[in-house]
Amino acid sequence: EIIMINNIMEANKKKLAQLREQLKKSDARISALEETIQLLTRKLESKEVEIESLKSELARLNFTIESLNATVDTLRDETAEQSRVINQQDALIGEMNTVWYVIGTKKELTDKGIIEKAGGLFSGERKMMDQINPAHFTTADMREMKSISFETSKAELATIHPDGTYRYRQENDLITGIEIINPVEFWKSSRFLVVIVK
């Protein structure tokens, strides 16, 4: 059972390391999250020392099985609680990196209530509506999404994303998609992407 707990704690250490790496990449430094991860790391280290100490004492003093089982149960409960907290933090990081995108013609996007006219009466510009139905969008993780494929003769963004953070892929006279060059800056202004195609 100690070996099983060691394995669980080793898995938790790896998960904590992944969380730290994800936190760095997401550029979303939440101090409470960092403190929680640091606290969990310290607790894991403390429990590792405690287990090593228990192993030595068991060999040296021949502890009874009942006493050891009680300690193992306590450690199992604490490890399970740490796993639960780590999973919650992992889910929070996932939510922080969720983005939504949709691609369609002006008519399709207008009919779905995603875009509306921007500017004056004769302006051809469009912008995303303030109230939208997220069911019309595809969700993605901004850390993993590097490009979106589509084919059109002309494309424009109805949402605001800084120049230089993306580029259109072109093949002959067709636009075959959009590449996101700098995801952190690209999604900083809006977690939604609306591409109007012809």
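Residues numbered from 1 in each chain as written. Predicted model: local features only at pLDDT ≥ 70, side-chain atom pairs only at ≥ 80, totals over all residues. Heavy atoms only, no water.

(A) Representation of the pattern of salt bridges in the model. If you walk through the whole model with that rule in mind, you get ten salt bridges. Residue E10 is joined to K13 by a salt bridge in which the shortest nitrogen-to-oxygen separation is 3.9 Å. Of this pair, E10 and K13 both sit in helix 1 (residues 2-26), three residues apart, roughly one helical turn. One salt bridge connects D73 with R76, and the closest N-O pair in it is separated by 2.9 Å. Remark: R76 and D73 occur in helix 3 (residues 65-96); sequence separation between them is three residues, near one turn of the helix. Residue R76 is classed as partly exposed on the basis of its relative accessible area of 28%. (Salt bridge = Lys/Arg side-chain N within 4 Å of Asp/Glu carboxyl O. Helix = DSSP H or I, 4+ residues; strand = E, 2+ residues; numbered from the N terminus. Buried < 20%, exposed > 50% of the residue type's maximum accessible area, 1.4 Å probe, protein only.)

(B) Spotlight on the sheet that holds strand 9 (residues 192-197). What the four strands build is an open sheet, ordered 4-1-9-6; its pairing is mixed. Two strands close off the open sheet at either side, each with one partner strand: strand 4 (138-141) and strand 6 (155-157). Across the sheet, the mean angle from the axis of one strand to that of its neighbour is 30 degrees, orientation sign disregarded. (Pairing = 2+ DSSP bridges. Axes fitted to C-alpha atoms, helices over the stretch in contact; angles between N-to-C directions.)

(C) Quick peek at the nonpolar core. Counting 18 residues, the largest nonpolar core has M145, I148, F150, W187, L193 and V195 as the members making the most contacts within it. At the level of secondary structure, the elements contributing two or more residues to this core comprise strand 1 (98-104), strand 5 (147-152), strand 6, strand 8 (174-180) and strand 9. With residues up to four places along the chain from it excluded, the contact list for F150 reads I103, A155, I175, T176, G177, I178, V195 and V197. In this structure, L19, L33, L40 and L75 belong to the second largest nonpolar core, which totals 17 residues. (Core = buried A, V, L, I, M, F, W, Y, C linked by side-chain atoms within 4.5 Å. Contact = heavy atoms within 4.5 Å.)

(D) Quick peek at unusual backbone geometry. Phi at N172 takes a positive value of approximately 55 degrees, unusual for a residue other than glycine. When you line up the elements, N172 lands in the loop between strand 7 (166-171) and strand 8. The exposure class assigned to N172 is exposed, which follows from its relative accessible area of 76%.

(E) Summary view of the confidence of the model for the protein. In the predicted model, the protein carries a mean pLDDT of 83, and the fraction of residues at 70 or more is 88%. Ranking the helices and strands of the protein by mean pLDDT puts strand 8 first, with 95, and strand 3 (residues 126-128) last, with 74. (pLDDT = per-residue confidence, 0-100.)

(F) Focus on the environment of Q131. Tracing the chain through its elements places Q131 in the loop between strand 3 and strand 4. What makes Q131 exposed here is its relative accessible area of 69%. Along the chain, Q131 and I114 lie 17 residues apart, while their C-alpha atoms are 8.0 Å from each other.

(G) Molecular detail of the packing of aromatic side chains. Overall, the coordinates contain five aromatic pairs when judged by the stated rule. Ring centres of Y166 and Y168 lie 6.0 Å apart, and the angle between their planes is 80 degrees; on these two criteria the pair is classed as edge-to-face. Ring pairing ties together the aromatic residues Y166, Y168, F186 and W187, which thus form one cluster. (Phe/Tyr/Trp six-rings, centres within 6.5 Å; stacked < 30°, edge-to-face > 60°.)

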